[in-house]
Amino acid sequence: MASDFFEQVWAIVKLIPPGRVTTYGAIAKALGSPAASRSVGYAMNACDKSLPAHRVVNRNGRLTGKVHFNPPSSMAERLALEGIIVINDEIQHFKNHFWDPGKEWQSM
DNA sequence: CTGATGACGTGTG
DNA sequence: ACACACGCCATCA
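In what follows, the accompanying structure is described. (Residues numbered from 1 in each chain as written. Chains lettered and ligands numbered in written order. Predicted model: local features only at pLDDT ≥ 70, side-chain atom pairs only at ≥ 80, totals over all residues. Heavy atoms only, no water.)

Topic: unusual backbone geometry
Thinking step 1. Omega for the peptide link from Asn70 to Pro71 comes to -5°, which places this bond in the cis form.
Thinking step 2. With respect to the element layout, Pro71 can be found in the loop between strand 2 (56–57) and helix 4 (74–81).
Thinking step 3. Unusually for a residue other than glycine, His93 sits at a positive phi of about 55°.
Thinking step 4. Assignment of secondary structure puts His93 in the loop between strand 4 (90–91) and helix 5 (94–97).
Thinking step 5. The class of His93 is exposed, set by a relative accessible area of 56%. (Helix = DSSP H or I, 4+ residues; strand = E, 2+ residues; numbered from the N terminus. Buried < 20%, exposed > 50% of the residue type's maximum accessible area, 1.4 Å probe, protein only.)

Following this line, the structure appears as structure tokens:
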């Protein structure tokens, strides 16, 4: 049984539409704790494989957590399949693919 | 309860 | 622009 915080994070990540990406900070902010970005990443560490964690990157648009994937290269592969260009573990036009969780979260 | 860790973010030099 | 340091929040030992 995971903590409510984890479930909150997972819920938002599951809501990320295909072809879109978001940041840990944005998720943390949507949960009401803009500085809990670290904890968001921790939740990802315990995330289920059904969770599209590959759509969650840091504020740089960089795939910092790709090493936690299986295999790590699958992260960029999945993003590429969704139309997101990833070069050198960096999302191109990141701002264009950015998806704001708060826009859909709306005090859920 | 205290200390350490981390898939982050921001500030300073 | 790059490198380093601190803070932030939640979890683990």
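Thoughts on the protein's contact with DNA strand B
Thinking step 1. Of all residues adjacent to DNA strand B, which total 17 residues, the nearest are Arg38, Met44, Asn45, Arg59 and Thr64.
Thinking step 2. Taken together, the sugar and phosphate atoms account for 43% of what DNA strand B places within 4 Å of the protein.
Thinking step 3. Within the backbone of Arg59, a nitrogen or oxygen atom sits 2.7 Å from a phosphate oxygen of DNA strand B.
Thinking step 4. In the environment of DNA strand B, a phosphate oxygen lies 3.2 Å from a nitrogen or oxygen atom belonging to the side chain of His68.
Thinking step 5. Where the surface near DNA strand B is concerned, the elements lending two or more residues are helix 2 (24–30) and helix 3 (37–45).
Thinking step 6. The leading source of residues in the surface near DNA strand B is helix 3, at six residues.
Thinking step 7. Residue composition of the surface near DNA strand B, grouped by class: five nonpolar, ten polar and two charged. (Near = heavy atom within 4 Å. Polar contact = N/O pair within 3.5 Å; in protein donor to acceptor, adjacent residues only side chain to side chain. Nonpolar A, V, L, I, M, F, W, Y, C, P; charged D, E, K, R; others polar.)

Details of the nonpolar core
Thinking step 1. Ranked by internal contacts, the top residues of the largest apolar core, which has 30 residues, are Val9, Val13, Ile27, Met44, Leu79 and Ile91.
Thinking step 2. If you list the elements that add at least two residues to this core, you get helix 1 (4–15), helix 2, helix 3, strand 2 and helix 4.
Thinking step 3. In terms of residues, this core owes the most to one element, helix 1, which gives five residues.
Thinking step 4. Residues contacting Val13, with those up to four places away along its chain left out, are Ile27, Met44, Leu51, Pro52, Ala53 and Val56. (Core = buried A, V, L, I, M, F, W, Y, C linked by side-chain atoms within 4.5 Å. Contact = heavy atoms within 4.5 Å.)

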